[in-house]
Amino acid sequence: MKKPFIVGNWKMNLTLAEGVEFAQSLRNSLSNSNKIICGICPPFIFLKDICKILEGSGIKVSAQNIHSEQRGAYTGEISALMVKEVGCSHVLVGHSERRHIFGETDSFINSKLKAALSANLKPILCIGEKLNEREDGRTKYVVKNQLKDNLRGINADRIKECVIAYEPVWAIGTGKTALPEQANEVHAFIRGILTGDYGEDIADSVYIQYGGSVKPENTGELMAQPEIDGFLVGGASIKLESFSKIIEAASNY
Ligand code: 13P
């Protein structure tokens, strides 16, 4: 049984001062907890300070994005090597906001995933269907294609370093959570694809997180599902009180 892995994606929220205070308080409040693994995804410009605060705490720091190249003439972009150098262990890749607001394609996401692994960053690959795709009965088709396209060309031994976050787009920031059974069904489907492609041992070792309107009130029922290994939390992760309650509820599993 894996320890639940709970990651807070701050998106474009909090000031540097608020982020620093949050990280210090999180470190203090988690100092005795070994029941879960916790991580946060601050904005790029906070990463160096927050990595320093959390050094040695076991709390993971993840970037929210990277470019697919490690260096070069890409004005405004940040590479996996840069993110690694300031102390991050993880990076989000393929978040639905990157796919749908910024037009990132599956092949670009695949290149980013490879860039992350080559810099020894663990990618948290986000996949999930849009509302019309679910309503048309295409959830599994969409999720399978994203998974296969985004993981293309990656060796089985490196798949173990990847985390998959199933985030149905219709549940993100909407207050509509997938029913625990709905989420579990997709998680089991994802695990089945990984088993087919990389074998049972690797598939079982991969964390599959759920994301989309996770809050303290629904953490327990989601965590009770056998295929849900943790959460990628948005809105409820930017207040220490609600994030701590999610961590506490997940610690009971
Ligand atoms: P919400 O928890 O605000 O729905 O966001 C989920 C998400 O996008 C996490 O990456």
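Structural notes, computed from the coordinates.

Cut-offs applied
- Residues numbered from 1 in each chain as written.
- Predicted model: local features only at pLDDT ≥ 70, side-chain atom pairs only at ≥ 80, totals over all residues.
- Heavy atoms only, no water.
- Near = heavy atom within 4 Å.
- Polar contact = N/O pair within 3.5 Å; in protein donor to acceptor, adjacent residues only side chain to side chain.
- Areas by Shrake-Rupley, 256 points an atom, 1.4 Å probe, with all protein chains shown as cover.
- Nonpolar A, V, L, I, M, F, W, Y, C, P; charged D, E, K, R; others polar.
- Axes fitted to C-alpha atoms, helices over the stretch in contact; angles between N-to-C directions.
- Helix = DSSP H or I, 4+ residues; strand = E, 2+ residues; numbered from the N terminus.
- Parallel < 35°, antiparallel > 145°, perpendicular 65-115°, else oblique.
- Left-handed = near helix turned anticlockwise from the far one by under 90°.
- Contact = heavy atoms within 4.5 Å.
- Buried < 20%, exposed > 50% of the residue type's maximum accessible area, 1.4 Å probe, protein only.
- Pairing = 2+ DSSP bridges.
- Right-handed = clockwise from strand over helix to strand, strands pointing away.

**Notes on the site of the ligand**
Neighbouring the ligand are 13 residues, the closest being Lys 11, His 95, Gly 173, Ser 213 and Gly 235. In this structure, an oxygen atom belonging to the ligand sits 2.9 Å away from a main-chain N or O atom of Gly 234. For the ligand, whose accessible area on its own is 310 Å², the fraction buried by protein is 95%. Here the shell around the ligand is composed, by residue class, of four nonpolar, seven polar and two charged.

**Some details on the packing of helix H7 (residues 139-151) against helix H9 (residues 180-198)**
The description of two helices packed together rests on the angle between their axes and the distance between the axes. As a packed pair, H7 and H9 sit with axes 11 Å apart at the nearest point and diverge in direction by 40°. Here H9 runs oblique to H7, going by the angle between their axes. Between H7 and H9 lies a crossing whose hand is right-handed. Residue-level contacts link Thr 139, Lys 140, Val 143, Lys 144, Leu 147, Lys 148 and Leu 151 of H7 to Glu 185, Val 186, Phe 189, Ile 190, Ile 193, Leu 194, Asp 197 and Tyr 198 of H9. Here the contact of H7 with H9 is built from residues that sort into nine nonpolar, one polar and five charged.

**Let's talk about the pairing of strand E8 (residues 230-233)**
A regular strand places its side chains on the two faces of the sheet in alternate fashion. Side chains of E8 alternate between two faces, with Gly 230 and Leu 232 and Phe 231 and Val 233 buried alike. Pairing geometry for strand E1 (residues 5-9) and E8, over four bridges, is parallel. Across the sheet, the residue bridging to Gly 8 is Val 233, located in E8. The handedness of the strand E7 (residues 207-211) to E8 crossover, carried by helix H11 (residues 216-223), is right-handed.

**Notes on the packing of H11 against helix H12 (residues 240-251)**
Look at H11 against H12: their axes get within 8 Å of each other, and the N-to-C directions meet at 25°. Taken together, H11 and H12 sit at an angle that is classed as roughly parallel. Seen along the crossing, H11 lies across H12 with a hand that is right-handed. Residues Pro 216, Thr 219 and Met 223 of H11 form the contact with H12, whose own contacting residues are Ser 242, Lys 245, Ile 246, Ala 249 and Ala 250. Per-class residue counts for the contact of H11 with H12 are five nonpolar, two polar and one charged.

**A word on the sheet that holds strand E3 (residues 60-63)**
Ordered by their spatial adjacency, eight strands build a closed barrel running E1-E2-E3-E4-E5-E6-E7-E8, and the pairing between neighbours is parallel. Each strand axis lies, on average, 25° off the axis of its neighbour in the sheet, ignoring direction. Strand direction decides the pairing type here: E1 and strand E2 (residues 37-41), joined by five bridges, are parallel. Looking across to E2, one finds that Phe 5 is bridged to Ile 37.

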